[in-house]
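# Structural overview for review
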Amino acid sequence: MSTKLIIFNTLVLYLRIFLDKMIDFIFSLYWDDKKNIIPDLQKKHSILTESALSLGRKIKAKELKSEDLVRSVIERIKEVNPILNAVVMDRYIEAMEDAREVDRKVAAGLSEDDAKKPFLGVPFTTKESQEMKGFFNTIGLWSRRNTVSTEDSEAVMLMKKAGLIPIAATNLPELLIWQETRNPVYGMTLNPHHTGRSPGGSSGAEAALTASYATTVSLCSDVGGSTRMPAFYCGVFGHLPTAGTTNTRGVFFRKGGEETMLCLGFISKHSEDLGPLTKIIAGDKAELMQLDKEVNIKDIKFYYMESANDMLVSPVRVEMKNAMQRVITKIKEEVTGAANPPQKYNHEGFRHMYRLWSYWMSREPDDYEALYGDGERPNPFLELGKKMVGISKHCLFTIIRLFELRYLPKVNSEWAEDITKDMKEDIISKLGDNGVLLIPSSPYAAPFHFSSLLRPFNFAYFGIVNVLKFPATQVPLGTNSVGMPIGIQVMSTPYNDALCLTVAKYLEKEFGGSIMACKVK
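So, here is what we can say about the structure in this document. (Residues numbered from 1 in each chain as written. Predicted model: local features only at pLDDT ≥ 70, side-chain atom pairs only at ≥ 80, totals over all residues. Heavy atoms only, no water.)

What follows is about the pattern of salt bridges. As enumerated under the stated definition, the model contains 38 salt bridges in all. One salt bridge in this structure joins Glu 180 and Arg 182, with 3.1 Å as the shortest N-O distance. Like Glu 180, the residue Arg 182 is buried in the burial classification. Put simply, Glu 67, Asp 68, Arg 71, Glu 97, Arg 100, Glu 101 and Arg 104 are held in one network by salt bridges that share partners. (Salt bridge = Lys/Arg side-chain N within 4 Å of Asp/Glu carboxyl O. Buried < 20%, exposed > 50% of the residue type's maximum accessible area, 1.4 Å probe, protein only.)

In this section: unusual backbone geometry. Look at the link from Gly 201 to Ser 202: it is a cis peptide, with omega at 5°. Note that Ser 202 resides in the loop between strand E5 (187-188) and helix H7 (204-210). Although it is not a glycine, Tyr 213 adopts a positive phi angle of roughly 60°. Within the fold, Tyr 213 resides in the loop between H7 and strand E6 (218-222). At Phe 253, a residue that is not glycine, the phi angle is positive and equals roughly 70°. (Helix = DSSP H or I, 4+ residues; strand = E, 2+ residues; numbered from the N terminus.)

Take the nonpolar core next. The biggest cluster of nonpolar side chains holds 147 residues, and the ones touching the most others in it are Leu 164, Phe 350 and Leu 438. Broken down by element, the residue count for this core peaks at 8 residues, all from helix H17 (residues 497-511). Setting aside chain neighbours within four positions, we find Leu 164 in contact with Phe 119, Val 122, Phe 124, Met 159, Val 217, Leu 277 and Ile 280. In this structure, Ile 23, Phe 27, Met 188 and Phe 448 belong to the second largest nonpolar core, which totals 6 residues. (Core = buried A, V, L, I, M, F, W, Y, C linked by side-chain atoms within 4.5 Å. Contact = heavy atoms within 4.5 Å.)

Considering all chains together, one arrives at 0 disulfides under this definition. With no disulfide of its own, Cys 220 has Cys 234 as its nearest cysteine by sulfur position, at a separation of 11 Å. Relative accessible area serves as the criterion here: at 1%, Cys 220 is assigned to the buried category. Judged by relative accessible area, which is 0%, Cys 234 ranks as buried. (Disulfide = S-S within 2.5 Å.)

Turning our attention to empty space enclosed by the protein. The final tally for this structure, using the stated rule, is 3 cavities of 30 Å³ or more. Volume-wise, the largest cavity comes out at about 80 Å³. Lining the largest cavity are 13 residues, with Leu 176, Ile 177, Val 223, Phe 252 and Leu 262 sitting closest to its centre. Residue composition of the lining of the largest cavity, grouped by class: 7 nonpolar, 3 polar and 3 charged. (1 Å grid on protein atoms, 1.4 Å probe; cavity = no way out; pocket = protein on both sides within 12 Å on 5 of 7 lines; lining within 4 Å. Points joined across faces, edges and corners; volume = space filled by probe spheres on them. Nonpolar A, V, L, I, M, F, W, Y, C, P; charged D, E, K, R; others polar.)

Below, the structure is given as structure tokens:
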């Protein structure tokens, strides 16, 4: 790299740091005064601190009634939802009856089939984009505000078959593609750690409930970080399985079987839940991921990356780099030893994370322009004009995305496909079947509401994993100087999900696990 280019890149770096600080300062003047406190978890609901696996075991052992668990979740949702605006539709009455039926089965003696279900009688929530019979399925579009699903998605069917009980549907961004959870139909969901900040998108409502002890199982989806970003912003765990392993029928207009980056996943307070839950929605493909595989962490090769140096993305802040270094130091001291420490890794493709994600999104089986108008293609200039006078039924980020799709230059397909192929091959050659790559989750912790409009590409550390179609687990690692959660992603090669989850469990033990938004009385 020439001296002039190094100087130019350095100047751009410091300019971006200055602009980021200015944006945060300006938005903090408004949002820091809007912060609301999530009520502490009462002792009578303390069961909600436990993992879903633990709850399932207690229900089958007659130590806990499913009815009492479902009631606790409902009561907790009613406590926090007026603050968070996370739940948009519920089936509380039906869920209570489902729970009583589980309790009747337990009392009478479980069948061999029910006895094998690890989450029998445990309730779950999911995004409104996951079809549930009789529930609204707006995808955040005003034009679909009265649309009701006539059947369950494949994942919901599998969850119910596994003994889990659907209890509520949650909020989402308009058309799912944004870093905040906001739409014209249901409004905006808030981060429980600081209600003036984003909980992430598109599963922000799921993460907000999880971090508030208001859901026990959170079914999500992820095409550009939609599971891992909210988990990061809200301080909990999130897992993106290997692409193609989960059936997406009934999610965001999918029929199932499409070639796609979209994959279903889970957000959880406890890493131990992620593997067993993923097995359920993977169905016949669960064996491919070897989720039951016993992995000795000392057999894992570790690589890491502190920054991707993508010029479209904000610089990674010191607090994020320090979190990564704490992990590297711990692994070097206790896992690999000084003779074989974690190795630094980078690839040219990481400098183009957003452009690569944008290209592969153009290959997704969705006509996004048509979806904006629920079949009709809106005029972006007309929509922007309507937005400026307050009569548009679209969010500003949706309109900006429409301009991008319609007018910005397209990414060169040959370049994008070649560099993606080279990235995949290079990472697989380094990691093999026993390595992980630790990468940043984001340049910084959860941003203030609306500030992402000025930094729209900062989700790219999540999106590049979707591009690769690799598995990754979001792991919380404490908080920054203002008390917001931070963490890293653990990525591995296809079907090596067990490696990601093994490292997540190790880091949970060493660094304390999820950062909850309230105390337990």
